[in-house]
Structures are given as C-alpha cells and as structure tokens.
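# Structural characterization, general
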Amino acid sequence: MRRFLLSFGFLVFLAVFSAAFGWNYLERQFSAPGPLPELRIVLIEKGAGTRQIAEQLEEAGVIKSAFLFRAGVRIFGRTMSLRAGEYSFPPGASVNEVLEKITSGKTVVHRLTIPEGTTSREALLEIEALTTLSGPLPPVPLEGTILPETYHFSRGDSREELLKRMSDAMTDAAAELWENRADGLPFNSIEEAIILASIVEKETAVAEERGLVAGVFINRLRRGMRLQSDPTVVFGITLGKAPLGRALRRSDLKQSTPYNTYLVDGLPLGPIANPGRESLKAVLNPAATKFLYFVADGSGGHAFAETLGEHNRNVAHWRKIEPARRATAN
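Throughout, a residue's number is its position along its own chain's written sequence, starting from 1. A pLDDT threshold of at least 70 governs which residues receive local features in this predicted model, and a stricter bar of 80 or more applies before side-chain atom pairs are shown or counted, although totals over entire chains, interfaces and linings include all residues. The side-chain values count all of the structure's non-hydrogen atoms but skip hydrogen atoms and water molecules.

### Remarks on the pattern of salt bridges
Let me state the cut-off plainly: One speaks of a salt bridge when a side-chain nitrogen belonging to Lys or Arg is within 4 Å of a carboxyl oxygen belonging to Asp or Glu. Secondary structure counts use DSSP, requiring at least four H or I residues in a row for a helix and at least two E residues in a row for a strand, with both numbered from the N terminus.
One pass over the structure, following the stated rule, counts eight salt bridges. Put simply, K164 and D168 hold a salt bridge, and the shortest N to O gap is 2.8 Å. Of this pair, K164 and D168 both sit in helix α6 (residues 159–179), four residues apart, which is roughly one turn of the helix. Residue D252 pairs with R246 through a salt bridge whose shortest N-O separation is 2.7 Å. A single network of salt bridges, built from pairs that share partners, joins E116, E201 and R210.

### Considering the side chain of H311
Where we set the bar: Contact definition: two residues touch when any of their heavy atoms are within 4.5 Å.
Mapped onto the elements of the fold, H311 is located in helix α12 (residues 308–329). Excluding anything up to four places from it in sequence, H311 contacts Y293, F294, V295 and A305.

### A word on helix α11 (residues 277–284)
The line we're drawing: When a residue's accessible area, from a 1.4 Å probe over protein chains only, is under 20% of the maximum for its type it is buried; when over 50% it is exposed; and in between it is partly exposed.
Residues S279, L280, A282, V283 and L284 constitute the buried set of α11. In this fold, the buried residues of α11 make contact with α6, α7 (190–203) and α8 (210–223).

### Quick word on the layout of surface pockets
For clarity, the cut-off: Both cavities and pockets are sets of points on a 1 Å grid over the protein atoms alone; in a cavity a 1.4 Å probe fits but cannot get out, in a pocket the set is open with protein on both sides within 12 Å along at least five of seven lines, and lining residues sit with an atom within 4 Å of a point. Grid points are joined across faces, edges and corners, and a volume is the space filled by probe spheres set on the points. For this scheme, ten residues count as nonpolar: Ala, Val, Leu, Ile, Met, Phe, Trp, Tyr, Cys and Pro. Four count as charged, namely Asp, Glu, Lys and Arg, and the remainder, Gly too, count as polar.
When its volume is computed, the largest pocket comes out at roughly 1,500 Å³. Forming the boundary of the largest pocket are 40 residues, of which D230, L248, Y262, V295 and W318 lie nearest the centre. Mapped onto the lining of the largest pocket, the elements with two or more residues apiece are α7, α8, α9 (230–238), α10 (250–253), β5 (293–296) and α12. Top contributing element to the lining of the largest pocket by residue count: α12, with eight residues. Split into classes, the residues belonging to the lining of the largest pocket amount to 18 nonpolar, 10 polar and 12 charged. What lines the second largest pocket is a set of 22 residues, and nearest its centre among them are L142, E143, G144, T145 and P271. Secondary-structure elements contributing two or more residues to the lining of the second largest pocket are α6 and α7. If you tally residues by element for the lining of the second largest pocket, the top one is α7, at four residues.

### A short note on the side chain of S94
Residue placement: S94 occurs in the loop between β2 (85–89) and α4 (95–104). Here S94 is in contact with F30, S31, A32 and G34, once residues within four sequence places are set aside.

### Here's the deal with unusual backbone geometry
Positive phi, normally seen in glycine, also occurs at Q228, with a value near 50°. Counting through the fold element by element, Q228 comes out in the loop between α8 and α9. Classification of Q228 as partly exposed rests on a relative accessible area of 39%. The backbone of L239 shows a phi angle near 55°, a positive value even though the residue is not glycine. Here L239 shows up in the loop between α9 and α10.

### Details of the confidence of the model for the protein chain
Interpreting fine coordinate detail is not advised for predicted regions of low pLDDT. The test is simple: Per residue, pLDDT captures the predictor's confidence, and it can take any value from 0 to 100.
Per-residue pLDDT for the protein chain averages 88, and the proportion of residues at 70 or more is 88%. Low pLDDT, under 50, characterises residues 4–23; the predicted model gives this stretch two contacts beyond four residues in sequence or across chains.

### Points about the packing of helix α5 (residues 120–129) against α6
This is how it is decided: Whenever a helix is involved, its axis is fitted only over the stretch in contact; in every case the axis is a line through C-alpha atoms, and angles between N-to-C directions fall within 0 to 180 degrees. Throughout, a crossing is termed right-handed when the near helix is turned clockwise from the far one, and left-handed when it is turned anticlockwise from it by less than a right angle.
As a packed pair, α5 and α6 sit with axes 10 Å apart at the nearest point and diverge in direction by 145°. The handedness of the crossing between α5 and α6 is right-handed. Between α5 and α6, the residues in contact are L124, I127 and E128 and R159, L162, L163 and M166, respectively.

### So, the environment of S229
Summarising the element assignment, S229 is placed in the loop between α8 and α9. Separated by 31 residues in the primary sequence, S229 and N260 have C-alpha atoms spaced 7.8 Å apart. Non-local contacts of S229, meaning those with residues more than four positions away in its chain, are made with I199, E203, F217, T261 and Y262.

Now the structure itself:
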C-alpha cells in the first residue's frame, strides 16, 4: 500500500510539474517576439472563425504558428471576443499582442478631409472614390448641409453613415455658433448665415481676411447694396456640378440666375458651397469695419476700400498686374 501511495504521489507530482512546465512554455511562446519584420495590415472578414483567422495570420507572416494562436484563444477564453476588421500589426508583435489587438477591436483608422468651400457634389465624389467604405452612394446633399473637416472611419463603414456624420457636424456647429452671434446682423436665421458664409468661403482663401470680407458683405446688406460676388455668378452657371473652367465674362454678370448677386437683391437663393466653421464664425461675428468694397491685390489677398473711388483705383491696379500674374502662372 505504501509503495502504491508513493507511486501515485510521484505521478501526481509529475503531472503537476508537467502542467506547470507546459504552462510556462506556452506563456513564453505567447510573449515571445513574432516573425513580422515590418508593420503589416491584415483584413479579417466578418464571419471568420478561430481556425480561419489563425491560418490567415500565419500565412501573412504575423505569427509563427496557427496552432499556438488557437491554443491561446482557447486557454484565455477569447473565442467569442475575436472581432472582424482591418488591423495593423507592428514588427515583432507577439501572439499575445496580436490576440489583444483582435479582441480589442482597435482597427485601422482611415481619414477623409473635406476642404472648406467644397461643393456637395465634390464631397460626394471623394466619398465615392474611397474603396474602404461600403454601401451605395447617397444622393447629393443640398449645399451648405455638410461641414468641411477631417473625418475618421474604419474599413467597411458605410458611405451613408459617413455622410450623415458630416451633416450632423454641420447642424451642431451651426447651432453652437448661432447661439454666440453678434447683435444686429442683417439676417434672421442660421440658414441665411450659412448662405453668406459660403460666399465668404469662396471669396477668400486667406484665413485672416474672413472677418473683413464678412464685414464688407454685412455692411452692404445693411445699406441695401447688392453683394456683387463673382463666385455666386459662377455657381449660378455651373450649379456646383463642375468648375467653370474659364474666367468670368462681362456677359456672365448679366446672366439672370437666382444666384447672381449682381442682379439679385440681398442673399442668393441658397449656399454656393459648404462653408467651414471659421467662415460661419466670421459671418456671425464679423470684423467691425467701414469697408464696402474689395478686389484681388495680386498677392493672394484683397485690397479693401471704403469708397467707390478708392475701390476703382484698386481695380485699375489689379487690371494692370493681372496679365503679368496670369503669364507667370502659365
């Protein structure tokens, strides 16, 4: 009996020792640096099982052994935690690190930047071109209803959802800025503010000028003067479907459209692009100025004037330097 107990005890000891040794070995294998020589991105499709994921990772060179990965999933009880998505694995990622990333759902983040002043059709073309997005292309939204900025998304997100986020961002930004608007503005709704902000956006690419350009248009509206903005004439011709592709002609200024502010009193029918937050802010809190006119000055900015006589001199100067500027550009 004593001999039996000794033998049994030895077997138990051996089993415990083997289990401890085996666990220690597996732990070391899980934590050891992997074979990946450089960062690699792997797309794990929806519906993929543990075996399929393990084999995909081994084939991609992310891990040495699909068997070891599957063992880790079972030992740590992660079978139900594996998430589909696009993952970025750093060089030498261990099995543990790979498993942690896939169960965390920390997928690769993509970004799309919509520049200020982009038309809705142009924004939709950007969204359509992204092969990382899924789903059909939504209808072209109305101008002034999406906020130009940088948006982050994951592979497989829908185009419709991304566009909705852009629309929600504009709604939220406009509501926030409207609450902090200056007193005595010559318009009564955020919709009208967006129309004017879209004109400011297309008139200047110089951030420091937005407040002044907005101030000029506010002054003109208060005096009942027409805005006489060239970008509104362009939009009346193209409706934002494509660039005009040529310089404006005098005959264009006489073309009757609901957007031609050389002929239309007050604001045009609607926005001519999607203004950014800063242009909205400029319109709702314009610079305090007496300027009523501005024209390009040849340096990328504008020359501002309080009187028509001063403005005419600025226009004459611009007409002198414009041919040379065009020749240099070509």
